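Coordinates in review
Each chain, letter by letter, is given below.
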Amino acid sequence: MASGKKSGSGKHEQGVNGRRSSKRKEGPIVMDTKAVFAAVYDVCEENAAFFSSSPKGSAGGAVRRLVDAMRTIQEHARNLEPVVSGFAAIYHHFDFDPHIPANGYRSLVKVVRCCLLHIVHKGRYISSSRRSIFFRVAHNASEMEAYSNALCQLRALLYLAQRLLHDNSHGNLFFQEENGLNQSFIREYASMHKGCFYGRCLGFQFTPSIRPHLQTMAIGLVSFSENYRKHQSGLGVAASSLFTSGKYAIDPELRGAEYERITQNLDVHFWKSFWNITETEILASLASMTSVQVKVNRMLLVPGVAFDLPLVADPKVSVTIAPPTAHIGPAPIQMRLISYELREGQDSEELLAMCRSEGGSMSLSLGLKTKRSPPSPWLLVHYHGGGFVAQTSKSHEPYLKSWSQDLNVPILSVDYSLAPEAPFPRALEECFYAYCWALKNSHLLGWTGERVCLAGDSAGGNLCVTVSMRAACHGVRLPDGLVAAYPATLLTAYASPSRLLTLMDPLLPFSVLSRCLNAYAGVEPNPEKQVEKVSTLSMVRRDTALLLRDFRQGASNWIQSLLDQHRPTANAASLLPAACWRLWALLRRPLTLVMSSLHSPSSASSSDAVRKSVSEATLSSPHSDPPVPPKEPSDFSARKDSLKSRTCQDLGTHLNSTHTAPLLSECTPEDVSFFLPPPPDASTSSALSSMAIPPPGGSEEGSENPCEFPVGFEPLRSEQLADIPPQDSPIVKNPYMSPLLAPDSMLQALPPVHIVACALDPILDDSVMFAKRLRSVERPVTLCIVDDLPHGFLSLSQLSRETREATNICVERIREVFQGKDATAPPLPTNGHRKLERTNAVPADLLQNDQDIAQDGADHGGVFGGQTIPEEGAGLTGEGEKMAEGEGPAGLVAASNLGDTKEIGA
């Protein structure tokens, strides 16, 4: 299921024309593209002819719909066949290396093949069941119409990918101009129909075991949206959503239309609320009961105090690590310490004074007086994902507990402040401070201080890289390695072939992705939506609940301190000023909002007042405590106001430091560039030119409505345009925000990097291009590609065997960092997925090259995603037959994706 770097089998790759390719002597045996398209033509023609000649009866309308869908599929397939064949001949030029076949062009072709195979599978089911008295013509007509619409939209995406080939330089996956193709992609996304991918076809490209969970998530999302603005309690919203979810379960078309509307129009606060559902009391308790039980699971509130660390170059000289101050001023940094065993120092009074009670887990571990193990030589520092706007370490607890058990290491997971209340660089400052604090206080974490690894997923992967870059800038100790799972390394709106998948991805739609990135960049939200969400009543209600919680928690800790004389009382004492500050915020909030509205000369000043209230709400949220006013004036408090208005002008400056790091402004534009491979030879240039098409007529500069597609084709359009906020902030090009744009000098300082990416992830190209850049500056880097799983599979690790095995790949990469393995060496063999189990025979004319799958998988270091195809008409694969075309193990799952034939509400 994953592609690792390993020597090939020496077999020749067979091209789409049936001849052996002389360009690539090593590679997997491929599938004949023409055979797949021939199967589509045959099954559609045979069914169309049957239903056209059969008596219509009462189902005449449904029969006509089914016949029209079959004819439309044939038309799309005839136009797609030369495009798919052309991409299959050239997409290997964009791979990281010949043994790791992965890039956005491959992913697009893989999705098209998967859609075609689903059509063949469902068409054969119709052929075998159409004479049955239980055959439902209307249902099957809806199924084929959904896949016909999906194929139409995929055809449009392939045309846009051809535009990328034309406008990009050789080997580049991103279009780097500000306008042009990027604006065209945004314009097309805003108007193209997407509901077909969220209804009956939801998740068809992923492994069958994950699709029911995606359907449940989609039903929950559209039900949650109905009750989102009713200002109910969390339990009330959940109960109301449960009652309204039935109509979306039985009507896939309604679900798809509503899902499209939500993804196109709702703001980032809605997504923050929905993604944080997993942290509610009920769901968090269920996840805790099913996860590994650990001895230590404690929330820490580390006060923001400056401290010194020795320089790596000269340990006699120290550098001062300043606490985070951007946007919201000094505040404690929240971290979660997880350890499968109780180790020395993890129950010390100094650490317990920083603990924040979350229930019985901490008090239980104290009362049992568990035997203490010696400190571990390894420490894992973790940064969670969530698009920089949602989730905390609590959402990622299940797999972190499992990692702590498997690796036998303590894990420190950082709960950094979230956007839009705390945009860039607040999260980076807190993560860097937490890393340095761990280096300084290894004795409190049950760690000897020997080896440390950074790990994170998605946004957390971005922070792993940028924290390492900042550590190198300060001259402090670097981590021994970092493991980034599907990281976002380029936070600009640049178009790439994998980002075209945002049109259909249920977890990363482009409009949602752009809202999250704009929030992290500090772009002001829509004032109307913000005012609607942040009302005076809701803010007062929130502050009242937090005030009562702090008084209750303070009283509880004070009583515990009386009962246990050995327990430190600092925690109870620290909550008293926090409660007082919450009381003051509660009393002044209505007056502040009223006075700001009276004195506001324009709507702009009103929105500023709202933004300030949101920042105050963040300081009063359950995920962060308000900063305690310092007893004496400090340089940090004096700079607070200026830091709120300056996003990040100087990340390299730190107070009272005896070591000066190069400033960010010293990086000249010439230093920042994508990795450019050597110029291609004549034959390669000819192959690329044959596929790369210039913009069709009507797209000349100055045209009001440019045409992006060939004459005679138009994709399906939405009834309502998507609301995509423009990305006009130059800060997204900051190397500490988009490390792919960092100069070579900054990348050369990074430790060994291990990247685990998803082949069907819209941000796959971020990982491929970043790995190429690291290789170009001769840094140790590995790239592992996981097939058939969506972005965010770590959070789904408990749901299926495939996600668990993909999570184990990350564990093995972390283990390699701890063991000091060379990042450029071939990866160690892991417990891979079972080979694809096939239960149905395949016609001889569909597939060719009957070879041994296990041998090919061993030759390419692949981890397969195999599932048993259930009986529903004729199958597509036979025992030992290949399903890949230039994709190695990746193509094997094209057949396994056919197992989902039981649609909710069918």
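Parameters at a glance
- Residues numbered from 1 in each chain as written.
- Predicted model: local features only at pLDDT ≥ 70, side-chain atom pairs only at ≥ 80, totals over all residues.
- Heavy atoms only, no water.
- Helix = DSSP H or I, 4+ residues; strand = E, 2+ residues; numbered from the N terminus.
- Buried < 20%, exposed > 50% of the residue type's maximum accessible area, 1.4 Å probe, protein only.
- Contact = heavy atoms within 4.5 Å.
- Areas by Shrake-Rupley, 256 points an atom, 1.4 Å probe, with all protein chains shown as cover.
- Polar contact = N/O pair within 3.5 Å; in protein donor to acceptor, adjacent residues only side chain to side chain.
- Expected span 1.5 Å × (residues − 1).
- Bend = angle between axes of the 7 residues up to and from the residue.
- Pairing = 2+ DSSP bridges.
- Right-handed = clockwise from strand over helix to strand, strands pointing away.
- Core = buried A, V, L, I, M, F, W, Y, C linked by side-chain atoms within 4.5 Å.
- Phe/Tyr/Trp six-rings, centres within 6.5 Å; stacked < 30°, edge-to-face > 60°.
- Lys NZ or Arg CZ within 6 Å of the ring centre and 35° of its normal.
- Salt bridge = Lys/Arg side-chain N within 4 Å of Asp/Glu carboxyl O.
- Patch = residues over 30% accessible without salt bridge, like charges linked within 9 Å, V, L, I, M, F, W, Y side chains within 5 Å.
- Axes fitted to C-alpha atoms, helices over the stretch in contact; angles between N-to-C directions.
- Parallel < 35°, antiparallel > 145°, perpendicular 65-115°, else oblique.
- Nonpolar A, V, L, I, M, F, W, Y, C, P; charged D, E, K, R; others polar.
- Left-handed = near helix turned anticlockwise from the far one by under 90°.
- pLDDT = per-residue confidence, 0-100.

1. Here we look at the overall build of the chain
- Secondary structure assignment for the chain yields 29 helices and 12 strands.
- For the chain, buried positions account for 59% of its 906 residues.
- Across the chain, the fraction of contacts at a sequence separation of at least 24, relative to all contacts at a separation of at least 6, is 83%.
- Working note: accessible area of the chain is about 34,500 Å², and carbon and sulfur atoms make up 57% of it.

2. Here's the deal with the side chain of Asn734
- With respect to the secondary-structure elements, Asn734 resides in the loop between helix H24 (682-691) and helix H25 (744-747).
- In this structure the side chain of Asn734 is engaged in a polar contact, spanning 2.9 Å, whose partner is the backbone nitrogen of Tyr736.

3. Re helix H2 (residues 60-90)
- For H2, built from 31 residues, the straight-helix expectation of 45 Å at 1.5 Å per residue is met to within 8% by its first-to-last C-alpha distance of 45 Å.
- At Leu80, H2 shows its largest kink, close to 35 degrees, and the proline Pro82 lies no more than four residues downstream.

4. Side note on the pairing of strand S10 (residues 481-485)
- Across the five residues of S10, five count as buried, placing the element largely inside the fold.
- Inspection of the sheet shows strand S9 (residues 447-457) paired to S10 by five bridges, in the parallel sense. Following the sheet pairing, Asp457 is matched in S10 by Ala485.
- This β-α-β element, S9 to helix H16 (residues 459-474) to S10, shows right-handed connectivity.
- With four bridges joining them, S10 and strand S11 (residues 753-758) adopt parallel strand pairing. Bridge pairing in S11 links Ala485 to Val756.

5. Side note on the nonpolar core
- In terms of nonpolar packing, the biggest core is built from 194 residues, with Phe87, Phe204, Tyr383 and Trp437 touching the most fellow members.
- Top element by residues in this core is helix H4 (residues 137-167). It accounts for 17 residues.
- With 29 residues, the next largest nonpolar core counts Val409, Cys784, Leu794 and Val811 among its residues.

6. Re the packing of aromatic side chains
- Enumeration according to the criterion identifies 21 aromatic pairs in this entry.
- Geometrically, the ring pair formed by Phe424 and Tyr520 is edge-to-face, given 5.6 Å between the ring centres and 75 degrees between the ring planes. You can see Phe424 sitting in the loop between strand S8 (411-415) and helix H15 (426-440) and its partner Tyr520 sitting in helix H17 (residues 510-521), a full 96 residues away along the chain. Pair check on accessibility: Phe424 and Tyr520 agree, each one buried.
- Cluster of aromatic residues (ring-pair linked, three or more members): Phe224, Phe270, Trp271, Phe274 and Trp275.
- The ring of Phe96 has Arg775 sitting right over it, with the charged end atom 4.3 Å from the ring centre.

7. What to know about H15
- Between its first and last C-alpha, H15 extends 21 Å over 15 residues, near the 21 Å set by a 1.5 Å rise per residue.
- A large share of H15 lies buried, amounting to 14 of its 15 residues.

8. Focus on the pattern of salt bridges
- Applying the stated criterion to the full structure yields 26 salt bridges.
- Two residues, Asp766 and Arg499, come together in a salt bridge whose shortest N-O distance is 3.1 Å. In this pair, Asp766 sits in helix H26 (residues 764-776) while Arg499 sits in the loop between S10 and H17, placing the two residues 267 residues apart along the sequence.
- Arg499 sits in the buried class, given a relative accessible area of 6%.
- One network of salt bridges, with partners in common, ties together Lys122, Glu143, Arg200 and Glu253.

9. What about a nonpolar patch on the surface?
- A cluster of nonpolar residues, Ile282, Leu283, Leu286 and Met289, forms a patch on the protein surface that exposes about 400 Å² of accessible area.
- With respect to the secondary-structure elements, Leu286 resides in helix H11 (residues 281-290).

10. Observations regarding the packing of helix H10 (residues 268-275) against H17
- Two elements in contact, H10 and H17, have axes whose closest approach is 10 Å; the angle formed by their N-to-C orientations is 100 degrees. With respect to their mutual orientation, H10 and H17 come out roughly perpendicular. On the side of H10, the interface is formed by Val268, Trp271 and Trp275, while H17 contributes Val512, Arg515, Cys516 and Ala519.
- Tallied by class, the residues present in the contact of H10 with H17 amount to six nonpolar, no polar and one charged.

11. Quick look at the pairing of strand S2 (residues 296-302)
- Counted residue by residue, S2 has seven buried out of seven residues, so it is predominantly covered.
- Here S2 shows no split at all, with Val296, Arg298, Leu300 and Val302 on one side and Asn297, Met299 and Leu301 on the other all buried.
- Of the pairings in the sheet, the one linking S2 to strand S5 (residues 333-339) comprises seven bridges and is antiparallel in character. Each bridged residue has a counterpart across the sheet, and for Arg298 the counterpart in S5 is Leu337.
- Across two bridges, S2 lies against strand S6 (residues 355-356) in antiparallel orientation. In the strand pairing of S6, Leu300 is matched with Cys355.

12. As for the packing of H2 against H4
- The contact between H2 and H4 brings their axes to 8 Å, and the two run at 25 degrees. By the angle between their directions, the pair H2 and H4 is classed as roughly parallel. As H2 runs across H4, the sense of the crossing is left-handed.
- In terms of residue class, the contact of H2 with H4 is made up of 22 nonpolar, seven polar and three charged.

13. Focus: unusual backbone geometry
- Of note, the amide linkage connecting Ala419 to Pro420 takes the cis form, showing an omega dihedral of 5 degrees.
- Looking at the element boundaries, Pro420 is found in the loop between S8 and H15.
- Along the chain, Phe424 connects to Pro425 via a cis peptide bond; the corresponding omega equals 10 degrees.
- With respect to the helices and strands, the residue Pro425 is situated in the loop between S8 and H15.
- Although it is not a glycine, His327 sits at a positive phi angle of roughly 70 degrees.

14. Quick look at the confidence of the model for the chain
- In this model, the chain carries a mean pLDDT of 74, and residues with pLDDT of at least 70 account for 63%.
- Contacts of residues 5-30 to residues separated by more than four positions or lying in other chains number 70 contacts, the stretch itself having pLDDT below 50.
- In this model residues 825-906 is a low-confidence stretch, pLDDT under 50, and it forms 234 contacts with partners more than four residues away in sequence or in other chains.

15. Observations concerning the environment of Phe135
- Tracing the sequence through the fold places Phe135 in the loop between helix H3 (104-129) and H4.
- By relative accessible area, Phe135 is classed as buried at 12%.
- Sequence-distant contacts of Phe135, defined by excluding residues within four places in its chain, comprise Phe51, Ile126, Ser129, Arg130 and Asn140.

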